[in-house]
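As a plain string of letters, each chain reads:
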Amino acid sequence: MLYPSSSPILLLILLLLLLLLGPGAWSYEAPEDKQDAFARKACPAFLTFTNAAFLAGVTVEVPCRCKPQQIQSVVWFFRKHLSGSKETRALTDHHGNRLLDPDSVPHGGGLRSRFSIRLFSLLIFRAEPADSGIYICGSVHRDFFYGYDLDIQEARTLSFIRRLPSESISQKNEERKRLVSTKPLYQVFTSFRPWSVCDRCGLPGEQVRVGLCYVHSHYLHVRFRRANQTVTSCGSGAVLRAFGRLRQSSVGAKLEVKSCEATCGDRASQSTKITALMAFLGLNSASLPVFYLKAPTDRTLTLGCPGARPDMAVAWDRGFKPVYRSERWAGRNLSDTPPRLHVDTGHNLVFQPAKTPDSGVYYCWLEGHRAAEIRLLVYVHLGRGQSVTLHPDFWEAMFFLLRSYVGMTALFCLLLLFRAGVRHRDTRETHDD
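Keep in mind that what you see is a predicted model, and the values were worked out from it rather than measured. (Residues numbered from 1 in each chain as written. Predicted model: local features only at pLDDT ≥ 70, side-chain atom pairs only at ≥ 80, totals over all residues. Heavy atoms only, no water.)

**Q** Pulling in residues and values, what's your account of the nonpolar core?
**A** Where a protein is soluble and globular, its nonpolar side chains tend to be buried together. Ranked by internal contacts, the top residues of the largest apolar core, which has 25 residues, are Val60, Trp76, Leu122, Tyr135 and Leu150. Where this core is concerned, the elements lending two or more residues are β2 (49-55), β3 (60-62), β4 (75-79), β6 (115-118), β7 (121-124), β8 (133-138) and β9 (144-153). Examining the composition of this core, we find that five residues originate from one element, β9, more than from any other. Apart from the residues within four sequence positions on either side, leucine 150 is in contact with Ala52, Phe54, Val60, Val62, His81, Ile124, Asp131, Ser132, Gly133 and Tyr135. Counting residues in hydrophobic clusters, the runner-up holds 22 residues, among them Phe291, Ala295, Cys305 and Leu376. (Core = buried A, V, L, I, M, F, W, Y, C linked by side-chain atoms within 4.5 Å. Buried < 20%, exposed > 50% of the residue type's maximum accessible area, 1.4 Å probe, protein only. Helix = DSSP H or I, 4+ residues; strand = E, 2+ residues; numbered from the N terminus. Contact = heavy atoms within 4.5 Å.)

Have a look at this one:
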């Protein structure tokens, strides 16, 4: 679990200074026309499902866009695609107060161990293809307000693109617009999002572009489509069964990476009151937040950059050594066994498994600037009934201790001999006098 480096006394001083500075420096007064967003937006009379596609591994947020004013907490419901309404199950405890610390989310855990509800929005940490389905925002009485058709696509290919001349780039973009697969009833294509910004500044970095699988057809399921909607993601419930399983086709999500370089510009300057407050507390406004993490060895460990969103450029450094995707995934396919230390498609730093030498300091970058410092400690964990002699490093550690003991004993004996020799020489000189 990540713990920010903060002191209770420091926080108390900070709160007192905030009161002294006055509300004008920190408070925000919402406009009158934006006091209650739910009061201005009515829920649809006929529940349809908004299609949303994401790449596997990212943190997905689906907001509850409408609800009655008298509803103080919402309940989120989930069911798989092609399942009946009887298989719809609630994700919350029917009070909407299930909250989860994202730092304690297990790697590869089930959906119930990876979601959280914050301000009526549903957050799914490290989304997986198995999380695809129908998500409905409702109440404890099963009154449904808003629905989503969520499609989590797993990237099958990771391409590294070198710098190309402008003509080659334009020709490549024209090829990207072509339909990959064409059938009488539907057309399958890959839609690429814009390139991200360079994930580092002042150092060689990388840019990432995500391509998701989509279907164009005039024969989409009426429950999942809006007026004049003819495009949906390949894993959507709007795709008719007659089209076959598009998930198993050759078309799928893609990830492209290319190298880049960017200069570090001045970040937005803080107000004079904030700067004075940080100076009074003896803090550097440019310092990074520090988090502490402990994890057992020989288990899969996933580090997420605090504050990262799916559309952000994220990079990782091990100490002052960058961790590049192009180096870790060179000559590999995403379907192959991943490297032991790598950056996954959700921009998380993954250890498979974590080892004691992995302990150290790690930095994460957001949108080209360092955002956080994570100090990791990987410790040896022995389960109940396990002997310490069964650990693979036990005998190596014993040999090291034995060698150290022999070396210290030999050094101690040499010192005794040296001392005895000095005393013998002094005694001999005294007798000669």
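**Q** How would you explain the pairing of β6 if you had to name every residue and give the values?
**A** Where β6 lies against β7, four bridges are found, and the strand directions are antiparallel. Residue pairing across strands places arginine 118 opposite serine 121, the latter belonging to β7. (Pairing = 2+ DSSP bridges.)

**Q** I'd like to hear about the confidence of the model for the chain, residue by residue, with values.
**A** Should pLDDT be low for a region, the predicted coordinates there are not to be read in detail. In this model, the chain carries a mean pLDDT of 75, and residues with pLDDT of at least 70 account for 68%. The model gives residues 20-35 a pLDDT under 50, and that stretch makes nine contacts with residues more than four places away or in other chains. Note that residues 93-102 has pLDDT below 50 and, in this model, 27 contacts with residues that lie over four places away or in other chains. (pLDDT = per-residue confidence, 0-100.)

**Q** I'd love a proper account of the packing of aromatic side chains, names of residues and values included.
**A** Counted according to the given criterion, the structure contains seven aromatic pairs. With a centroid separation of 5.3 Å and 70 degrees between ring planes, the pair formed by phenylalanine 77 and phenylalanine 144 is classed as edge-to-face. Here phenylalanine 144 lies in strand β9 and phenylalanine 77 lies in strand β4, a separation of 67 residues in the sequence. With a relative accessible area of 0%, phenylalanine 77 lands in the buried category. Using a relative accessible area of 37% as the deciding quantity, one classes phenylalanine 144 as partly exposed. Between phenylalanine 189 and tyrosine 214, the aromatic rings sit 6.2 Å apart at their centres with planes inclined by 25 degrees, giving stacked as the arrangement. Residue phenylalanine 189 is located in strand β12 (residues 187-192), and its partner tyrosine 214 is located in strand β13 (residues 205-216); the two are separated by 25 residues in the primary sequence. For phenylalanine 189, a relative accessible area of 18% translates into the label buried. On the basis of relative accessible area, tyrosine 214 is assigned to the buried category, the value being 18%. Cluster of aromatic residues (ring-pair linked, three or more members): Trp76, Tyr146 and Tyr148. Across the ring face of tyrosine 363, the terminal group of arginine 370 is positioned such that the distance to the ring centre comes to 4.2 Å. (Phe/Tyr/Trp six-rings, centres within 6.5 Å; stacked < 30°, edge-to-face > 60°. Lys NZ or Arg CZ within 6 Å of the ring centre and 35° of its normal.)

**Q** Describe the pairing of strand β23 (residues 369-379), listing the residues and the values that go with them.
**A** With seven bridges joining them, strand β16 (residues 290-296) and β23 adopt parallel strand pairing. By the bridge assignment, lysine 294 is partnered in β23 with leucine 377. Where strand β22 (residues 360-366) meets β23, seven bridges bridge the pair, whose relative direction is antiparallel. When the sheet's bridge partners are listed, tyrosine 363 is paired in β23 with glutamate 373.

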